[in-house]
Amino acid sequence: MLRDDQCDALLDILTCVIKRLVEIFDKVEIHSVRGNHDGTDHYPVMLALKNYFKPYEKINFHIHSARTAVFKIEKTLIMLDHGASDEYAFDVPKAGKPRESYIQSLFLGRPEDLIGVNQKLFIQGDKHHYEQIEYNDFEFIMLGALPLGDQYADHGNMHSRARQNCFVIDENGLKSVLHYYVK
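Residues numbered from 1 in each chain as written. Predicted model: local features only at pLDDT ≥ 70, side-chain atom pairs only at ≥ 80, totals over all residues. Heavy atoms only, no water.

S.K.: Talk me through the overall build of the protein chain; I want residue IDs and the actual numbers.
M.R.: If you tally the helices and strands in the protein chain, you get 4 helices and 9 strands. Secondary structure elements in the protein chain, listed N-terminal to C-terminal, are α-β-α-β-β-β-α-β-β-β-α-β-β. A buried classification covers 41% of the 183 residues belonging to the protein chain. The long-range fraction of contacts in the protein chain, counting pairs at least 24 apart against all pairs at least 6 apart in sequence, stands at 57%. Of the roughly 10700 Å² that the protein chain leaves accessible, carbon and sulfur atoms contribute 51%. (Helix = DSSP H or I, 4+ residues; strand = E, 2+ residues; numbered from the N terminus. Buried < 20%, exposed > 50% of the residue type's maximum accessible area, 1.4 Å probe, protein only. Contact = heavy atoms within 4.5 Å. Areas by Shrake-Rupley, 256 points an atom, 1.4 Å probe, with all protein chains shown as cover.)

This is the structure in structure tokens:
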């Protein structure tokens, strides 16, 4: 699926998922960042969704026009990163100590955001599979991909179950991760 068909499918799927979240939760926060897969397409797609859901008072959209966004929900500090830049050939390190050190230095570079925090989450996408690893000072979560596959994923042999993830966060931190699988 390419171009217009891909955009239509993406809007249809995300609209369906967001409507379901609104049925389940009292408040829905949606944050999005741009990256190597969507680049300049990120903003118009998210703006269309934000405008579609404008009448829904319990949804709050945050469209970040950068690869990385930092925000708090309750006492949880979240660093959301696409995982790869749409402008330069830079990725989050793949695993182990290089990844842990890279992410930790990003958090430490924002000392003002660490005040009053009881949990730190680093959430990234890009690699088309799901991972969740607890490091000493933060939790790392890598998200899978919403589409079943595209030319990029096919060429890289990156296949996982199509899903959208939902994070339930309360005053104590990350309470649960919900996986919404898409056919």
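From this point on, the discussion continues.
S.K.: Report on the pairing of strand 8 (residues 163-170), specifying residues and quantitative values.
M.R.: Within strand 8, 6 of the 8 residues are buried, which leaves the element mostly enclosed by the surrounding structure. Pairing of strand 8 with strand 9 (residues 173-181), which is carried by 8 bridges, proceeds in the antiparallel orientation. Across the sheet, residue Phe-167 finds its bridge partner in strand 9, namely Val-177. A loop of 2 residues connects strand 8 with strand 9, the two strands running antiparallel in sequence. (Pairing = 2+ DSSP bridges.)

S.K.: Got a sec to walk through the pairing of strand 1 (residues 28-32)? Specific residues and values, please.
M.R.: The buried fraction of strand 1 amounts to 4 of the 5 residues, a majority that puts the element mostly inside the structure. Of the strand pairs in this sheet, strand 1 and strand 2 (residues 59-63) are connected by 5 bridges, and their pairing is parallel. Along strand 2, the bridge assignment pairs Val-28 with Ile-59.

S.K.: Break down the side chain of Thr-15 for me, citing the residues and quoting the values.
M.R.: Turning to its location among the elements, Thr-15 is positioned in helix 1 (residues 3-24). Not counting the four nearest positions on each side in its chain, Thr-15 is found in contact with Leu-49, Tyr-52 and Phe-53.

S.K.: For the sheet that holds strand 3 (residues 68-73), give the residues involved together with the corresponding values.
M.R.: Spatial strand order, 3-4-5-7-6: 5 strands in an open sheet with mixed pairing. Two strands bound the open sheet, and with one partner strand each, they are strand 3 and strand 6 (131-134). On average, adjacent strands in this sheet sit at an angle of 15° to one another, irrespective of strand direction. Strand contacts of helix 3 (residues 96-108): strand 4 (76-81), strand 5 (119-124), strand 6 and strand 7 (139-142), with the helix running at about 120° to strand 5, the strand carrying the most contacts. (Axes fitted to C-alpha atoms, helices over the stretch in contact; angles between N-to-C directions.)

S.K.: I'd love a proper account of the packing of aromatic side chains, names of residues and values included.
M.R.: Scanning the entire structure with this criterion turns up 6 aromatic pairs. With centroids separated by 4.9 Å and ring planes inclined at 75°, the aromatic side chains of Tyr-52 and Phe-53 adopt a geometry described as edge-to-face. Looking at Tyr-52, the relative accessible area reads 42%, which means it is partly exposed. Relative to Phe-138, the ring of Tyr-135 lies with its centre 5.0 Å away and its plane at 35°, an arrangement referred to as tilted. Per residue, the accessibility class of Tyr-135 equals that of Phe-138, and both read buried. Taken together, the ring pairs connect Tyr-52, Phe-53, Tyr-56 and Phe-61 into an aromatic cluster. In this structure, Arg-99 packs its charged tip against the face of Phe-140, placed 3.8 Å from the ring centre. The residue whose ring lies beneath Lys-120 is Phe-107, and the NZ or CZ to ring-centre distance is 5.7 Å. (Phe/Tyr/Trp six-rings, centres within 6.5 Å; stacked < 30°, edge-to-face > 60°. Lys NZ or Arg CZ within 6 Å of the ring centre and 35° of its normal.)

Any functional reading would require information that these geometric values do not contain.
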